[in-house]
Amino acid sequence: MVATILDELADTVAPGVTTADIDAHNMELLKKYGVRSATIGYRGYKHSSCISVNHVVCHGIPGRKRLQKGDIVNIDVTVIVDGWFGDSSRMFVAGQPSRRAERLIQVTHDCLMLAIDEVRPGATFGDIGAAIQKHAALHRMSVVREFCGHGIGREFHLPPNVVHVGQRGQGAVIQEGMIFTIEPMINLGAAETKILADSWTAVTRDKSLSAQFEHSIGVTKDGAEIFTLSPKGRFFPTYVSL
């Protein structure tokens, strides 16, 4: 359901649109499908999505700012269906991305998919972090360390924390039946972030571009099942052509 909603939000991302407009459309989709937002009311949050533009790393609050041509946008949506939480985010672009932005988005997506390839019973959570860290470093990009993936199910955030850096063979052992998110945040510049005065919005300290992709997955007997695959094949790339 969350992947379906993100598919339908794709065409709303365009120059001149506000992030509040996108969040309002998300609310319409939640009503259309008869599902609840997990973020409205969560620790006082008032919106149905987090929308993070350019150097905003995560937890961007929808507002009146209009998207400019070439802006990169992460939309993070979590819904509740029959008591179960679904959580996913992906990157969008208002128009066409710059070459630097396109490269960042590609590397971030690849970091996520390489991490998912590590998931199997008997592997460790350090294996996940190591795969992300190695690929980002290969492309001279940095991994945000202040935020991580998390267990998910009948609650929004559960153990374990899924850290996006690590060492192979270290950390808790992955077991069949676990459900968690992997959601690497990759910066073109340094890894350091700061929280703005609204107590939600995290930005890169050096104002470099940041990107994020997120899937919710379940551990099977021999690998991982991705629960948030795009029904229309629009998870990546999602560039809006005008």
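Quick caveat, the model's predicted, so the values are computed rather than measured.

Criteria and thresholds
- Residues numbered from 1 in each chain as written.
- Predicted model: local features only at pLDDT ≥ 70, side-chain atom pairs only at ≥ 80, totals over all residues.
- Heavy atoms only, no water.
- Core = buried A, V, L, I, M, F, W, Y, C linked by side-chain atoms within 4.5 Å.
- Buried < 20%, exposed > 50% of the residue type's maximum accessible area, 1.4 Å probe, protein only.
- Helix = DSSP H or I, 4+ residues; strand = E, 2+ residues; numbered from the N terminus.
- Phe/Tyr/Trp six-rings, centres within 6.5 Å; stacked < 30°, edge-to-face > 60°.
- 1 Å grid on protein atoms, 1.4 Å probe; cavity = no way out; pocket = protein on both sides within 12 Å on 5 of 7 lines; lining within 4 Å.
- Points joined across faces, edges and corners; volume = space filled by probe spheres on them.
- Nonpolar A, V, L, I, M, F, W, Y, C, P; charged D, E, K, R; others polar.

(A) A look at the nonpolar core. Membership of the largest hydrophobic core comes to 34 residues, with the highest contact counts inside it found for Ile128, Phe180 and Ile182. For this core, the elements supplying multiple residues, two or more each, are strand E5 (84-93), helix H3 (99-117), helix H4 (125-138), strand E9 (179-182) and strand E14 (215-219). At eight residues, H3 tops the list of elements feeding residues into this core. In terms of nonpolar packing, the next biggest core, distinct from the first, is built from 21 residues, Val2, Val35, Ile51 and Val53 among them.

(B) Inspection of the packing of aromatic side chains at higher detail. Per the counting criterion, the structure on display carries six aromatic pairs. Ring pairing ties together the aromatic residues Tyr42, Phe85 and Phe156, which thus form one cluster.

(C) The arrangement of empty space enclosed by the protein in detail. The full count for this structure, using the stated rule, is one cavity of 30 Å³ or more. Space inside the largest cavity adds up to approximately 30 Å³. What lines the largest cavity is simply Cys50, Ser52, Cys58, His59, Asn74, Asp76 and Gln212. When residues of the lining of the largest cavity are traced back to their parent elements, those giving at least two are strand E2 (50-53) and strand E4 (72-81). Considering only residue class, the lining of the largest cavity consists of two nonpolar, four polar and one charged.

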